[in-house]
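Chain by chain, the residues run as shown.
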Amino acid sequence: MNFNLETFIAIRYLKSKRDERFISISSFFSFIGITIGVATLIIVMSVMNGFRGELLEKIVGVNGHAVVYLNNKKNIDINALIEDIDNLSNVEFVAKEFEFNAMISHSNLASGVLVKGVQKADLLERTSISNNIVTGTIEQFENKSVILGSRLASYLNINLYDKITLVTSNKTDTPFGSVPITDEYKVVSIFDVGMYDYDRGVIFIPRKEGASLVRSDNDISKLEIFLIDGAFFKSSINAVNKLVGDNGKVFTWKSIHKELFSALEIEKKVMFLILFLIIFVAAFNLISSIIMIVKDKERGIGILRSLGVKSREIQRIFILIGSVIGMFGTIIGTTLGIIVSLNIGEIQIFLEELFGSKLFAAEVYFFNVIPSKIDLGEVVGIFLISIGLSVLSTIYPSWKASRIEPANILRYE
């Protein structure tokens, strides 16, 4: 039997007659199950990839790929060390920073914040901040000025050029006893990087002002290293470690946020396993559908066998039936998954406007828009797994069909 005839018979067996409607419906549900399973798996994996990528971009954009905490007990030539690190091929720039915790207050409201003392030039280099300024300008970032996030500004009712008060844990002696050191700063810019923790809990002031506020003689507490290409992350960090030596301790974004990214990786694997079961169950449903088709078409199979059709050709017919269902389900599911993944942000905004409520709270999920990043390798892998399961599910029913003996079937015809 040639392939065209096998295909013709397979398509005829897939079509339903009035008394075979249930078999056709069963095959349709198998098709729907595979489509939904593939689409859901691609969408969820893309969102997990997008979430990890956005989280990494925001963390690295604000804090750098690596942080060097300097050993204050040693006499270090910081400028020479910075120059050596900056000369590494994959290092974009090195930022000096003075960091401490404080409380910011305005309009009888207060909140704890992480204060980053940086130079204006270093702040301009951080594109995650400089490219996300919603009001004001970094050019005015000097003397007693401050730049803060949009959510913090909203919480404290802060507008551009308002005066805020910073209260530190350091104390100064007065005739009335020890009191916390405080000072006023003018808001010259407000940023919105799209990550709740930074927009709500991080502020920037000039480095010299930060050291002066806490009465520190040293205005550099750490160095932040920004790399050009994350693909050479490991070799670059090894080179930085050699240069720093015992003058400090190098921490990377991987070590600082190890628990968070480990949890995301585990969650991604678990979600893949759970959603993969949808495709697996759909494949099992496909087995039962093909078995019913075989049972219903026993007389036709017997006639074909009596006409000289070989058992392996009968087997190929039913493999083709399952493969067609699996192939179309997988193709449509993959297409649907990619389309939704590419437009999930717009879909979220549409649904939020439709229902009048936030579906993706930034306070819980870090971001205000669902991120998505399609990994071509994962999509291909999901596609091949779905096709593979569809073909495997046809092996047993097609084998059963090929074992049908025409004499037994046609004896009573």
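Anything mentioned here points back to the structure above.
First, a word on what this report is: a plain description of the structure on this page. Since the structure is predicted, the reported quantities are computational estimates derived from the model, not experimental observations.

**Things to note about the overall build of the protein chain**
- The helix and strand tally for the protein chain stands at 18 helices and ten strands.
- Taking all 413 residues of the protein chain together, 45% fall into the buried category.
- The long-range share in the protein chain, meaning contacts at least 24 apart out of those at least 6 apart in sequence, stands at 79%.
- Surface accessibility of the protein chain: about 21500 Å² in total, with carbon and sulfur atoms responsible for 58%.

**Things to note about the layout of surface pockets**
- Each pocket or cavity is described by its volume, and for the second largest pocket that value is around 260 Å³.
- Lining the second largest pocket we find 14 residues, and of these E57, V60, G61, H65 and F226 sit closest to its centre.
- The dominant element in the lining of the second largest pocket, judged by the number of residues it contributes, is helix α2 (residues 21–63), at four residues.
- Among the residues making up the lining of the second largest pocket, the classes are represented as six nonpolar, four polar and four charged.

**What about the packing of helix α13 (residues 311–342) against helix α17 (residues 395–402)?**
- Packing of α13 against α17 leaves a shortest axis separation of 8 Å and a crossing angle of 145°. Both α13 and α17 take part in a crossing whose hand is right-handed. Listed contacts from α17 to S311, I314, Q315, F318 and I319 of α13 are I395, S398, W399, A401 and S402.
- Residue composition of the contact of α13 with α17, grouped by class: six nonpolar, four polar and no charged.

**Examining the packing of aromatic side chains**
- By the definition in use, this model includes nine aromatic pairs.
- Where Y69 meets F251, the ring centres are 5.8 Å apart and the plane angle is 75°; that geometry is what we call edge-to-face. Of this pair, Y69 sits in strand β1 (residues 66–70) while F251 sits in strand β10 (residues 248–252), and the two are 182 residues apart along the sequence.
- In this structure an aromatic cluster arises from ring pairing among F233, W253 and F261.
- One Lys or Arg, R200, reaches over the ring of Y155 and ends 4.2 Å from the middle of that ring.

**A few points about a nonpolar patch on the surface**
- There is a patch of nonpolar side chains on the surface, built from M327, F328, I331 and I332 and spanning about 350 Å² of accessible area.
- The topology assignment puts I332 in helix α13.
- For I332, a relative accessible area of 39% translates into the label partly exposed.

**With respect to the pattern of salt bridges**
- Applying the stated criterion across every chain yields a total of 14 salt bridges.
- Across the pair E99 and K116 runs a salt bridge whose closest N-O atoms are separated by 3.0 Å. Taken together, the residues span a long stretch of sequence, with E99 in strand β2 (residues 91–106) and K116 in strand β3 (residues 109–118) at a distance of 17 residues.
- In this structure K116 comes out as buried when scored by relative accessible area, which is 0%.
- Note that E224 is salt-bridged to K222, the shortest N-O span being 3.3 Å.
- On the basis of relative accessibility, which here comes to 3%, the residue K222 falls in the buried class.
- Through salt bridges with shared partners, a single ionic network connects E97, E99, K116, R126, K222 and E224.

**A closer look at the environment of F28**
- Residue placement: F28 occurs in helix α2.
- You can call F28 partly exposed: its relative accessible area is 46%.
- When the C-alpha positions of F28 and G329 are compared, they lie 9.6 Å apart, and in sequence the two are 301 residues distant.

**Things to note about a positive patch on the surface**
- There is a patch of like positive charges on the surface, built from R52, K234, K254 and K373.
- Within the secondary structure, K373 is located in the loop between α15 (362–365) and α16 (376–392).
- We classify K373 as exposed; its relative accessible area is 53%.

**A look at the packing of helix α3 (residues 78–86) against helix α9 (residues 233–244)**
- With their axes 10 Å apart at the nearest point, α3 and α9 run at an angle of 155° to one another. One finds that α3 runs roughly antiparallel with respect to α9. When you trace α3 past α9, the crossing you get is right-handed. Across from L81, D84 and I85 in α3, the residues of α9 making contact are V240, L243 and V244.
- A class-by-class count of the residues in the contact of α3 with α9 yields five nonpolar, no polar and one charged.

**Description of helix α14 (residues 344–355)**
- Between the first and last C-alpha of α14 there are 16 Å, a value that for twelve residues agrees with the 16 Å anticipated at 1.5 Å per step.
- G356 sits one or two positions beyond α14 and adopts a positive phi of about 70°.

**Things to note about a negative patch on the surface**
- A surface patch of negative charge is lined by D77, E83, D84 and D86.
- Mapped onto the elements of the fold, D86 is located in helix α3.

**Brief notes about the pairing of strand β8 (residues 202–206)**
- Burial within β8 is extensive, with five of its five residues counted as buried.
- Of the pairings in the sheet, the one linking strand β5 (residues 145–149) to β8 comprises two bridges and is antiparallel in character. Note that in β8 the partner of I147 across the bridge is F204.

**What to know about the nonpolar core**
- With 40 residues, the main nonpolar core has F204, L223 and I225 as its most contacted residues.
- Here this core gets five residues from one element, more than from any other, and that element is α2.
- Excluding its chain neighbours within four sequence positions, the residues that come into contact with F204 are V62, K116, V118, L123, R126, I129, F141, S145, V146, I147 and F191.
- Listed in part, the 28 residues of the second largest apolar core include I42, M45, I317 and I382.

Conventions adopted
- Residues numbered from 1 in each chain as written.
- Predicted model: local features only at pLDDT ≥ 70, side-chain atom pairs only at ≥ 80, totals over all residues.
- Heavy atoms only, no water.
- Helix = DSSP H or I, 4+ residues; strand = E, 2+ residues; numbered from the N terminus.
- Buried < 20%, exposed > 50% of the residue type's maximum accessible area, 1.4 Å probe, protein only.
- Contact = heavy atoms within 4.5 Å.
- Areas by Shrake-Rupley, 256 points an atom, 1.4 Å probe, with all protein chains shown as cover.
- 1 Å grid on protein atoms, 1.4 Å probe; cavity = no way out; pocket = protein on both sides within 12 Å on 5 of 7 lines; lining within 4 Å.
- Points joined across faces, edges and corners; volume = space filled by probe spheres on them.
- Nonpolar A, V, L, I, M, F, W, Y, C, P; charged D, E, K, R; others polar.
- Axes fitted to C-alpha atoms, helices over the stretch in contact; angles between N-to-C directions.
- Left-handed = near helix turned anticlockwise from the far one by under 90°.
- Phe/Tyr/Trp six-rings, centres within 6.5 Å; stacked < 30°, edge-to-face > 60°.
- Lys NZ or Arg CZ within 6 Å of the ring centre and 35° of its normal.
- Patch = residues over 30% accessible without salt bridge, like charges linked within 9 Å, V, L, I, M, F, W, Y side chains within 5 Å.
- Salt bridge = Lys/Arg side-chain N within 4 Å of Asp/Glu carboxyl O.
- Lys, Arg positive; Asp, Glu negative; His and termini not counted.
- Charge placed at Lys NZ, Arg CZ, Asp CG, Glu CD.
- Parallel < 35°, antiparallel > 145°, perpendicular 65-115°, else oblique.
- Expected span 1.5 Å × (residues − 1).
- Pairing = 2+ DSSP bridges.
- Core = buried A, V, L, I, M, F, W, Y, C linked by side-chain atoms within 4.5 Å.

By themselves these figures say nothing about function.
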